[in-house]
Amino acid sequence: MLQEDPQTAPKRPWLGGGIREFPVLGELDGIFMVGVIDELGYSSIGELELRELKTRATPTLPRLAQRRTHELQVCVYKLLFDGMVSGVLQSEYLIQILNLRPEQELGPQVKENALQCGLTVSTLKDIIELTCLNLIFSELPRIDRLKLEYCYQGDGTLLGCDMVNFKEESVMEQVTFYLSFWKGQREIQGVDIEDAWKCRMCDYSNI
């Protein structure tokens, strides 16, 4: 990934800011998905960074298999977010997939609040369309960096950080593989031997 020189990079007034619990939604491999990004913020050189916090009951880092699920989670979040800011997410799709009533009249308080924000809306469809348009024309970039942070629940000690390497083709292969089970397109597959400890917590461990 190319990085800008902090001294020559253009000034961006939003640098240093951040937002927590940013909702993301969209379609991947024919399935509608919803998630919540723990935190989004810009780095000192203007890269948009996704930060996902994982708390641990013990002061140890999770096993490799569990860390892989965390990596896939943030990669899926990036796909959804990038789709939202690049125009992939369409208002018509949201209305259809969520079975909404687009012509539903908005309440007076909602209209008044929107008017205070400089928006004139009257129906649910207006709100959805404006939301999609706002994401596209907000000048938000796609996510550049994915970061996992692990903390101990006991005292908040930082146990470690992982920078996730995003490769869209590989991520979509994983998504397609896992979803194929839920779509009824393949049989269940057992876990690797190093992950067999999980079976102790399964209701069907006796079989």
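A quick note: this is a predicted structure, and the numbers were derived from the prediction, not measured. Along every chain, residues carry numbers that run from 1 in the direction the sequence is written. Thresholds applied to this predicted model are a pLDDT of at least 70 for local features of residues and 80 or more for the giving and counting of side-chain atom pairs; totals over whole chains, interfaces and linings are not thresholded and use all residues. Calculated side-chain values reflect all of the structure's heavy atoms, with hydrogen atoms and water omitted.

(A) Local environment of the overall build of the protein chain. In DSSP terms, a helix is any run of H or I states spanning at least four residues, a strand is any run of E spanning at least two, and both are numbered starting from the N terminus. When helices and strands are tallied, the protein chain shows five helices and five strands. Counted from the first residue to the last, the protein chain has its helices and strands arranged as β-β-β-α-α-α-α-β-β-α. With respect to the three principal axes, the spread of C-alpha positions in the protein chain is 60 × 50 × 35 Å. Going through the 207 residues of the protein chain one by one, you find that 32% of them count as buried. A separation of at least 24 residues holds for 59% of the contacts in the protein chain among residues at least 6 apart in sequence. Values of accessible area rely on a 1.4 Å probe in the Shrake-Rupley scheme; residue burial ignores everything except the protein chains shown. A total accessible area of about 14,000 Å² is found for the protein chain, and carbon and sulfur atoms account for 53% of it. His is not counted here, nor are the chain ends, while Lys and Arg score as positive and Asp and Glu score as negative. Charged side chains are reduced to one point each, which is NZ for Lys, CZ for Arg, CG for Asp and CD for Glu. One finds the centroid of the 21 positive side-chain charges in the protein chain at a distance of 4 Å from the centroid of its 31 negative side-chain charges. Think of it in three bands: residues with accessible area under 20% of the maximum for their type are buried, residues over 50% are exposed, and the middle band is partly exposed, with areas taken using a 1.4 Å probe on protein chains only. Contacts between residues were defined by any pair of non-hydrogen atoms, one from each residue, lying within 4.5 Å.

(B) Spotlight on the pattern of salt bridges. Any carboxyl oxygen of Asp or Glu within 4 Å of a side-chain nitrogen of Lys or Arg constitutes a salt bridge here. The tally for this structure, following the rule as stated, stands at twelve salt bridges. One salt bridge connects Asp162 with Arg67, and the closest N-O pair in it is separated by 2.9 Å. Linking Asp162 in strand β5 (residues 158–164) with Arg67 in helix α1 (residues 64–85), this pair joins segments that are 95 residues apart in sequence. Look at Asp162 and you get buried, because its relative accessible area is 15%. Across the pair Lys125 and Glu129 runs a salt bridge, and its minimum N-O distance is 4.0 Å.

(C) Representation of the packing of aromatic side chains. We call Phe, Tyr and Trp rings a pair once their centres come within 6.5 Å, taking the six-membered ring for Trp, and we label the pair stacked below 30 degrees between planes, edge-to-face above 60, and tilted otherwise. With the rule as written, the count across this model stands at four aromatic pairs. An angle of 55 degrees between the planes, with centres 6.0 Å apart, marks the rings of Phe32 and Tyr93 as tilted. Taken together, the residues span a long stretch of sequence, with Phe32 in strand β2 (residues 31–42) and Tyr93 in helix α2 (residues 91–97) at a distance of 61 residues. On the basis of relative accessibility, which here comes to 22%, the residue Phe32 falls in the partly exposed class. Put simply, a charge is over a ring when the Lys NZ or the Arg CZ is close to the ring centre, within 6 Å, and near the line of the ring normal, within 35 degrees. For Lys78, the ring lying beneath its charged end belongs to Phe166, and the centroid distance is 4.9 Å. Over the aromatic face of Phe177 sits the side chain of Arg186, whose NZ or CZ is 3.9 Å from the ring centroid.

(D) Molecular detail of α1. Expected helix span is given by 1.5 Å per residue-to-residue step, counting one fewer step than there are residues. Compared with an ideal rise of 1.5 Å per residue, which puts 22 residues at 32 Å, α1 spans 32 Å between its outermost C-alpha atoms and is within 8% of the ideal. Backbone geometry just after α1 places Gly87 at a positive phi near 95 degrees.

(E) Spotlight on the pairing of β5. With six bridges connecting them, strand β4 (residues 145–152) and β5 associate as antiparallel partners. Looking at β5, one finds that Leu146 is bridged to Val164. Linkage of β4 to β5, two consecutive antiparallel strands, is achieved through a turn of five residues, within which Gly156 is found at a positive phi near 80 degrees. Two strands qualify as a pair provided that DSSP identifies no fewer than 2 bridges between them.

(F) Broad picture of a nonpolar patch on the surface. On the surface, Leu119, Leu130, Leu133, Ile136 and Phe137 cluster together to form a nonpolar patch covering roughly 440 Å² of accessible area. Mapped onto the secondary structure, Leu133 falls in helix α4 (residues 124–136). Exposure above 30% relative accessible area and the lack of any salt bridge qualify a residue for a patch; like charges then connect within 9 Å, and the nonpolar side chains Val, Leu, Ile, Met, Phe, Trp and Tyr within 5 Å.

(G) Spatial organisation of the sheet that holds strand β1 (residues 18–28). Read across the sheet, five strands follow the order β1-β2-β3-β4-β5 without closing on themselves; strand pairing throughout is mixed. Here the strands that pair on one side only, and so sit at the sheet edges, are β1 and β5. Going from strand to strand, the sheet's axes swing by 35 degrees on average, the running direction of each strand aside. Of the strand pairs in this sheet, β1 and β2 are connected by ten bridges, and their pairing is antiparallel. Each bridged residue has a counterpart across the sheet, and for Arg20 the counterpart in β2 is Glu39. Sheet strands in contact with α1 are β1, β2, β3 (48–56), β4 and β5, and its direction is about 85 degrees off that of β1. In this description, a line fitted to the C-alpha atoms serves as the axis of each element, helices being fitted only across the stretch in contact, and the angle between N-to-C directions of two axes falls anywhere from 0 to 180 degrees.

(H) Broad picture of unusual backbone geometry. The phi dihedral of Asp29 is positive, around 55 degrees, even though this residue is not glycine. Relative to the helices and strands, Asp29 is located in the loop between β1 and β2. With phi around 65 degrees, Glu139 is a residue other than glycine that occupies positive phi space. Locating Glu139 in the fold gives a position in the loop between α4 and β4.

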